[in-house]
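Architecture at a glance
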Amino acid sequence: MTLLVRFPRQCVLGAFGQFYQIPPSSIVPPACRFSQHSSKDIRELFINYYRDKHQHTQVPSSKVFSPDDNSLLFVNAGMNQFKPVLLGNEAAYKRINFIKRAVNSQKCIRAGGKHNDLEDVGVDVCHHTFFEMLGSWSFGDYFKKDACKMAWSLLADVFHLSKDKLYVTYFSGCEEIGLEADLETKEIWNSIGVNEDRILPFGIKDNFWEMGDSGPCGPCTEIHYDQNPDLRYAPEEVNKPGSDVIEIWNLVFMQYNRLGKNELIPLKKCHVDAGMGLERITAVLQGKVSNYDTDLFHPIISALENLSKCRPYAGHVGEEDLDGTDAAYRIVSDHIRMLTIAISDGIHPGPRGRDLIVRQVLRRAVMAGVEKLGIENMFLHKLVPVVIESLKPAFPDLESSKELIVSIINKAEKSFYDMLAYGDKLITKTVSSMPVSQTAFPTDVAWQLLSYYGYPQDTLMLKLKGYDMSVNMQEILKFSKLKNPESIHLDRQRKAFNVKSIIQILSAENIAKTEEILNTKLNENARAGAIHEPLSCRILAILSDTDKNTEATDKLSEGYFLVLDKSYFFIPNADKLEDVGVIVYKGKNYVIDEVLHVQGWLLHRLNCISTKDSLDKFITGDEVEIHTTGKQWLPYFRAYSASCLVKHVLPKVCPNSSIQKVKVGKDKIKLEIGGSLDTGAVMKVQDAINSVIFNKHSEGFLNSKAQDSHKQLKGDKRVLQLKDIEKVLTIKCKHQGQGRTVIHFVCGSRADSSTKLSEHMNIKMQNILKNYDRLSSKSSKIVELEELLLTVGQLTFDINQAEMSVFEKANYRNKLSQISSRLRTMRRRLKRQLSSASGY
């Protein structure tokens, strides 16, 4: 029998309308029989239901960022790891073994970027920077009817939620994009047994899901739960801000592909993406109005109460939380979960990108704990074991990362306190040097504190208030724009190319994204150096980095780009391709100097200055042809193939590190790795990659698995055979603090050139060693020592500039440094001898 509590009234209502009296001492607010079930149980029940009863394959959660998707700072939804599959990428589908159904609990972060809940955390009881998304997917298998039946059965028969507490919504249609109401879904819910007065229509804002301006999209149906303790009928509360009727599940039916603003075409395969937040459904099933009252947060808040010098957590919000104490409890308990997950996945507090977001979250948690809860400094790391104990049933790898997480949080927290101390001194020094009559704090100093050092704005305002001073935030914003122009440079010799302006122009003009064309013989042609079939394309836009418009021009400037409807020139993680082919227009060849990838558009830069003939007028809508050869592609394919191999090798060799960003170029790969890798670890990664390429089993690890993983990538026409990569060498390795290592690899012809260059340097090195031995064994002249010192210095300079193995560089530099030191000692000794002999 299902019991619904009329809280705080002293009675309960049964499923069939009976009321039961209960003693006051036993009043609790559970909404169903799941009040004693933990979040762990709820997570397992969800996964087991889809895996065992409905034959879904359980897929592990991906990391909370994707190095292959630059459009996202963090993974913010369960579907992110399946995005290529939903876009119809056969290679990506092959990598997940062509599964038809999937289920998992995905780690998600919503802080920064399009989905940013950071400022809402603490204000209410339902927003989080980190959460788990319980997801189920159908890839071209079942669709609306089965998805709705499965969802309803889980809620009613497994979770035992009362149907009288549930509402469902469906898409009501949109004339603007030419879509009728999704009456099919409405009829499905009605046939399942949902009362018609609980099936509600909503428009495109609430019930139509889109991945972006283009790509898969479709209507969705949502399931809402009424948290009000009274049994009532309140359809007007659905999708109402601040309502206690909350959305608990969203079922997305991807059946269209958006090509433009109002242009939708049906997908060849329809998919289902159903997502339910664990924190929210746990609150519902445990009978809590607040997510922070569930067992996901209660242990953390209890630990905070033990550290705090203020009152216990009371769950107040808004005006009831006058001193902000309860908001601070929520901020710290939420943020420490996000920090633990982010750091374990390789994102460490830092100065830019997602690292900066993590740093901001850490500092926000510290300020809330110290200023509002009165906790002593250096407290955050004490909460990490509590978080890991809560989350390790779902993410067991957290346990092995505990020491690393604690260490990084400690260092980042101490760095924050040091920065605060420096900022306080700078404020005091600045104020003391200002005229007494001046009340406006200098904008440049304020910007330096806020933007460069990350000094908290509220703390700055409070400090200045103590000096009867203020700062103009509008002036700081203007100053910030001057210091951070929103442009990137194509190279240091050319004018800045304003990417943001180009994106705005192409979006405003509704220019479709460039379609990727993968020739079925792409990698075969690359290996053979064969010529590809010409590709006929249509000009969608003509852009210049000088006038930045889409109008046709008579004269081509140095920065002149064509946006085409389709192109060969897609290489994942390559923002720029160089010397890859020609565009033929009206019988004339225009060399493609480079191709830039900007959020799905390919910008083909033409080299027209070297063309002696008069230039024809390019016109939007005209047809052109792309001509390219496999030989031009091979260096990019090798680099891309090597980068795919590195992704499989690195986690095996260095399990506590993760790839944050990948860039590929001509036979070169740049990796940004979360975690500090020493020289030995980097060498081990390089050796492991080459052992796979050469099929050696020297260390007995990862060879077979890496090769199997590489075979799974063979559906991607850009992936070459292992032997075609030839070999991989590390040419540069830099450490950016404790949290990041940047490694540059080369492969193919560049690796060969590096090896030959190293051999050449070795010959020079041997000559220096011979000359050193000769000078050491006989009476030398100062002039001979000077000449050899100059030779050593020149070789050291050449090695520093050379593109060769970083390990051999270090070895050569060490030897040359020793020789240089000995030669200088010999020179000093000889000078003293000469000085003594001359009588001075």
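As a reminder, the structure under discussion sits directly above these lines.
Residues numbered from 1 in each chain as written. Predicted model: local features only at pLDDT ≥ 70, side-chain atom pairs only at ≥ 80, totals over all residues. Heavy atoms only, no water.

1. Some thoughts on the environment of Cys310
As for its placement among the helices and strands, Cys310 is situated in the loop between helix H8 (298–307) and helix H9 (325–344). Distance from Cys310 to Gly374, taken between C-alpha atoms, is 6.6 Å for residues 64 residues apart in sequence. In this view, Cys310 contacts Thr325, Tyr329, Lys372 and Leu373; residues no more than four positions away in its chain are not counted. (Helix = DSSP H or I, 4+ residues; strand = E, 2+ residues; numbered from the N terminus. Contact = heavy atoms within 4.5 Å.)

2. Considering the pattern of salt bridges
Side chains that carry opposite charge are capable of pairing whenever their charged atoms lie near each other. Inspection of every chain in the model, using the stated rule, returns 30 salt bridges. The salt bridge partner of Arg51 is Asp52, with a shortest N-O separation of 3.0 Å. Its relative accessible area of 31% is what places Arg51 among the partly exposed residues. Asp345 is paired through a salt bridge with Lys63; the nearest N and O atoms lie 4.0 Å apart. Of this pair, Asp345 sits in the loop between H9 and helix H10 (353–372) while Lys63 sits in the loop between strand E4 (57–58) and helix H2 (83–86), placing them 282 residues apart in sequence. Given a relative accessible area of 5%, Asp345 falls into the buried group. What emerges from the salt-bridge pattern is a single network uniting Arg311, Asp321, Asp323 and Asp326. (Salt bridge = Lys/Arg side-chain N within 4 Å of Asp/Glu carboxyl O. Buried < 20%, exposed > 50% of the residue type's maximum accessible area, 1.4 Å probe, protein only.)

3. What about the pairing of strand E26 (residues 740–747)?
The buried fraction of E26 amounts to seven of the eight residues, a majority that puts the element mostly inside the structure. Examined bridge by bridge, strand E24 (residues 668–674) and E26 share seven bridges and lie antiparallel to one another. What sits directly across from Ile669, in E26, is Phe745. (Pairing = 2+ DSSP bridges.)

4. Focus: the pairing of E24
Burial within E24 is extensive, with five of its seven residues counted as buried. Judged from the seven bridges that link them, strand E23 (residues 658–665) and E24 form a sheet pairing that is antiparallel. By the bridge assignment, Lys661 is partnered in E24 with Glu672. Hairpin remark: E23 followed by E24, antiparallel, with two residues in the connecting loop; positive phi at Asp667, about 55°.

5. Re the layout of surface pockets
Here the second largest pocket is characterised by a volume of approximately 1,300 Å³. In terms of lining residues, the second largest pocket is bounded by 31 residues, among which Glu119, Arg364, Pro456, Gln457 and Asp458 are the most central. When residues of the lining of the second largest pocket are traced back to their parent elements, those giving at least two are H9, H10, helix H14 (443–452) and helix H15 (457–466). A breakdown of the residues in the lining of the second largest pocket according to their chemical character gives 15 nonpolar, seven polar and nine charged. (1 Å grid on protein atoms, 1.4 Å probe; cavity = no way out; pocket = protein on both sides within 12 Å on 5 of 7 lines; lining within 4 Å. Points joined across faces, edges and corners; volume = space filled by probe spheres on them. Nonpolar A, V, L, I, M, F, W, Y, C, P; charged D, E, K, R; others polar.)

6. Describing the packing of aromatic side chains
Between two aromatic rings, the relevant description is the distance of the centres plus the angle of the planes. Within this structure, the stated rule accounts for 13 aromatic pairs. With 5.1 Å between their ring centres and 90° between their planes, Tyr49 and Tyr50 make a pair best called edge-to-face. With respect to class, Tyr49 is no different from Tyr50; both count as buried. With 5.2 Å between their ring centres and 50° between their planes, Phe171 and Phe208 make a pair best called tilted. You can see Phe171 sitting in strand E7 (residues 166–171) and its partner Phe208 sitting in strand E9 (residues 208–210), a full 37 residues away along the chain. Pair check on accessibility: Phe171 and Phe208 agree, each one buried. Taken together through their ring pairs, the aromatic side chains of Phe46, Tyr49, Tyr50 and Trp249 make up a single cluster. The ring centre of Phe395 lies 5.3 Å from the NZ or CZ of Lys107, which sits over that ring. Directly above the aromatic system of Tyr167 lies the positively charged group of Arg198, at a separation of 4.6 Å from the ring centroid. (Phe/Tyr/Trp six-rings, centres within 6.5 Å; stacked < 30°, edge-to-face > 60°. Lys NZ or Arg CZ within 6 Å of the ring centre and 35° of its normal.)

7. Topic: the environment of Ile571
With respect to the secondary-structure elements, Ile571 resides in the loop between strand E18 (566–567) and strand E19 (576–585). The class for Ile571 is buried, based on a relative accessible area of 3%. Counting along the chain gives 62 residues from Ile571 to Trp633, while the straight-line C-alpha distance between them is 9.7 Å.

8. Considering the packing of helix H1 (residues 39–53) against helix H4 (residues 144–158)
Following both chains from N to C, one finds H1 and H4 inclined at 130°, their axes separated by 12 Å at the closest point. Considering their axes alone, H1 and H4 lie oblique with respect to each other. For H1 against H4, the interelement crossing comes out right-handed. The segment H1 lies against H4, with Leu45, Phe46, Tyr49, Tyr50 and Lys53 engaging Lys149, Met150, Ala151, Ser153, Leu154 and Val158. (Axes fitted to C-alpha atoms, helices over the stretch in contact; angles between N-to-C directions. Parallel < 35°, antiparallel > 145°, perpendicular 65-115°, else oblique. Left-handed = near helix turned anticlockwise from the far one by under 90°.)

9. Structural notes on helix H24 (residues 782–801)
Look at H24: 29 Å from first C-alpha to last across 20 residues, which is about the 28 Å you get at 1.5 Å a residue. Where H24 is concerned, the buried positions are Leu785, Leu788, Leu789, Val792, Leu795 and Ile799. Taken end-on, H24 shows its buried residues confined to a sector of 130°, consistent with a single buried face. Seen from the buried face of H24, the exposed residues on the opposite side, beyond 90 degrees, are Leu790 and Gln801. (Expected span 1.5 Å × (residues − 1). Arc of directions from axis to C-beta.)

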